[in-house]
Every structure is written in structure tokens, then in C-alpha cells.
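Given next are the chains, with one letter for each unit.
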Amino acid sequence: MKVWLAGFVLLANFALLPAGPGGPRQEIAFHFESAFAPVPDYTIAVNADGTGKYWTGAYPADESAARRVASLTISAPTVAKIFAAKSFIAPDKCETHLKNVAKTGKKTFTFYDNDRETVCVFNYSDDEKINAVASTFQEIAYTLQEGDRLKHDHRFDHLGLDADLDALLAAAKDGNVIEVQNIAPVLQSIVDDDEIMSPSRRKAKSLLELAGVQAPASAR
């Protein structure tokens, strides 16, 4: 399974996840652009307290302009991995010095520390720490995007739904699916649907268990 590399950018005038009045703001955002990716333009923003948002489409001036917006809850270990990036986000420091590197998409880290904003843009990095944080965001994005696919196929394509669940379980075993709690509602809807085949419901239940969500015994 190929998971697309991604990157971080948040508009300076688009404080999607503001701190409370007078409170500190610690946020890292990730934006990815590539015409060849399954989702060619998306952003994930994560706060130090584990709250976050995901949206797709070109950089909107406000949330209502985005094609898809979802609130996120990110676990403490993943937040720690993401915020490890703040030590190396610096202008012109992320991009490789190698020549003729294949284009894998525009990636931008943005670190917000109260009113201070630091941006790092790259296609590919020689720094494995940067790549590791990018991979963490990739895995979150992949999980959310597959959750959208599950929602569509639950309604329109039950055979496709079973294949989707197989792919998600395989990706989870490979460590490419994380923060599954953010797609728990669609998984629960599959578990609860008596019109869905029992094997599919069991697969959805297994994915819920990855998220620490207890599915009903009827899904066995």
C-alpha cells in the first residue's frame, strides 16, 4: 500500500483552532498538495492539547469554504510525535540538497507558538525526523480518507465495503492506520447495521477495538 507523503501549511489569517481568550497557542499544521494523490489537497492541524481538525480543498479563507471538515481527537503519544517537529521546523531547512529528486508533492510544516509562526516547505527531506513526522500525518490522513470511503460504500456498495475493511485491517497491521477513534462513528454504524454481512461487521468491530471502542456483542 502506498501512502502519499504530505506537508503542512496553515494560512496566517485562518486560525482554525484558536486558543482561548488570552491563552497560549501551540499548534502544528500539515498541508499536502499533489495533483496525482487520491486526495490532492488537504490539511491537518493539531493542538498541543490533542484537539485538531482536518479539511480538504484549496486553502479556504474560512471553514465554510472547505469541501470536507472534521474535528479530530489525537492521542497523547501521537501528539508527542507531532510536536517533536517543532525543534526542526525552520525556513529553508527541510528540503533536500540532492538534485533531480522525484516530485512527491508540496509539503509544508507550520508551527504556531502563540503569535509566532514558523514555516518549513519541502518536497523531500534528508532528515529522517522530518520524514517520521510527515509519515505520522500521512497515517492520520489515510485513516480519515478511508473512513470517508467506508461511509460512501456503506450506503452504496456493500461488496466494496467489505474490500475497504480488508484493506484497512491490512494497513492497520502494517502500522499505516492510526487514531482510528476519529472514524469510530462510521465503523459503529456498520457494526449496528443488520443488513451488512456478518464478516464485514466483524471486521468493523476489530477496527473499533483498535480505537479502544467496545462494539456490541451482536457484532460477533
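Residues numbered from 1 in each chain as written. Predicted model: local features only at pLDDT ≥ 70, side-chain atom pairs only at ≥ 80, totals over all residues. Heavy atoms only, no water.

Chemist: Could you give an account of the layout of surface pockets, with specific residues and numbers?
Modeler: The volume enclosed by the second largest pocket comes to roughly 230 Å³. If you go around the second largest pocket, you meet 15 residues; those closest to its centre are Arg68, Gly147, Asp148, Lys151 and Val186. Counting residues per element, the ones that place at least two in the lining of the second largest pocket are strand S4 (68-73), helix H2 (128-156) and helix H4 (184-191). Among the elements that take part in the lining of the second largest pocket, H2 stands out by supplying 6 residues, more than any other. Of the residues assigned to the lining of the second largest pocket, the class counts are 6 nonpolar, 5 polar and 4 charged. (1 Å grid on protein atoms, 1.4 Å probe; cavity = no way out; pocket = protein on both sides within 12 Å on 5 of 7 lines; lining within 4 Å. Points joined across faces, edges and corners; volume = space filled by probe spheres on them. Helix = DSSP H or I, 4+ residues; strand = E, 2+ residues; numbered from the N terminus. Nonpolar A, V, L, I, M, F, W, Y, C, P; charged D, E, K, R; others polar.)

Chemist: Go over the sheet that holds strand S3 (residues 51-56), please, and point to the residues and values.
Modeler: The strand order S4-S3-S2-S1-S5-S6 describes an open sheet built from 6 strands, whose pairing is antiparallel. The open sheet terminates on both sides in strands that have one partner only, identified here as S4 and strand S6 (116-122). Between one strand axis and the next, the sheet turns by 15 degrees as a mean value, whatever way the strands run. As paired strands, strand S5 (residues 106-113) and S6 are joined by 7 bridges and run antiparallel to one another. Counterpart to lysine 107 in the pairing with S6 is phenylalanine 122. Here helix H1 (residues 76-83) sits on the sheet and contacts strand S1 (26-33), strand S2 (41-47) and S5; the angle it forms with S2, its principal contact strand, is near 105 degrees. The strands touched by H2 are S1, S2, S3, S4, S5 and S6; relative to S2, the strand with the most contacts, the crossing angle is about 110 degrees. (Pairing = 2+ DSSP bridges. Axes fitted to C-alpha atoms, helices over the stretch in contact; angles between N-to-C directions. Contact = heavy atoms within 4.5 Å.)

Chemist: Run through helix H3 (residues 158-173), naming residues and quoting values.
Modeler: Taking 1.5 Å as the rise per residue, H3 with 16 residues should run 22 Å; its terminal C-alpha atoms sit 23 Å apart, in good agreement. Buried residues along H3 sit in contact with H2, H4 and helix H5 (198-210). Of the residues trailing H3, glycine 175 is marked for its positive phi of about 80 degrees. (Expected span 1.5 Å × (residues − 1).)

Chemist: I'd like a description of the packing of H3 against H5, backed by residues and values.
Modeler: At a minimum axis distance of 9 Å, the contact between H3 and H5 shows a crossing angle of 30 degrees. Seen from above, H3 lies across H5 with left-handed handedness. When H3 is examined against H5, the residues Asp162, Leu165, Asp166, Leu168, Leu169 and Ala172 are found in contact with a partner set consisting of Pro199, Ser200, Lys203, Ala204, Ser206, Leu207 and Leu210. The residue inventory of the contact of H3 with H5, partitioned by class, reads 8 nonpolar, 2 polar and 3 charged. (Left-handed = near helix turned anticlockwise from the far one by under 90°.)

Chemist: Pulling in residues and values, what's your account of the state of the cysteines?
Modeler: Structurally, a disulfide amounts to a covalent bond that connects the sulfur atoms of two cysteines. In this structure the tally under the stated criterion is 1 disulfide. Across the disulfide from cysteine 94 sits cysteine 120; the S-S distance is 1.6 Å. In this pair, cysteine 94 sits in the loop between H1 and S5 while cysteine 120 sits in strand S6, placing the two residues 26 residues apart along the sequence. Exposure remark for cysteine 94: the relative accessible area of 0% places this residue in the buried category. (Disulfide = S-S within 2.5 Å. Buried < 20%, exposed > 50% of the residue type's maximum accessible area, 1.4 Å probe, protein only.)

Chemist: An account of H1 is requested, with residue identities and associated values reported.
Modeler: Of the positions making up H1, those classed as buried are Thr78, Val79, Ile82 and Phe83. In an axial view of H1, the angular spread of the buried residues amounts to 130 degrees, which keeps them on one side of the axis. The exposed residues of H1 that point more than 90 degrees off its buried face are Pro77, Ala80 and Lys81. (Arc of directions from axis to C-beta.)

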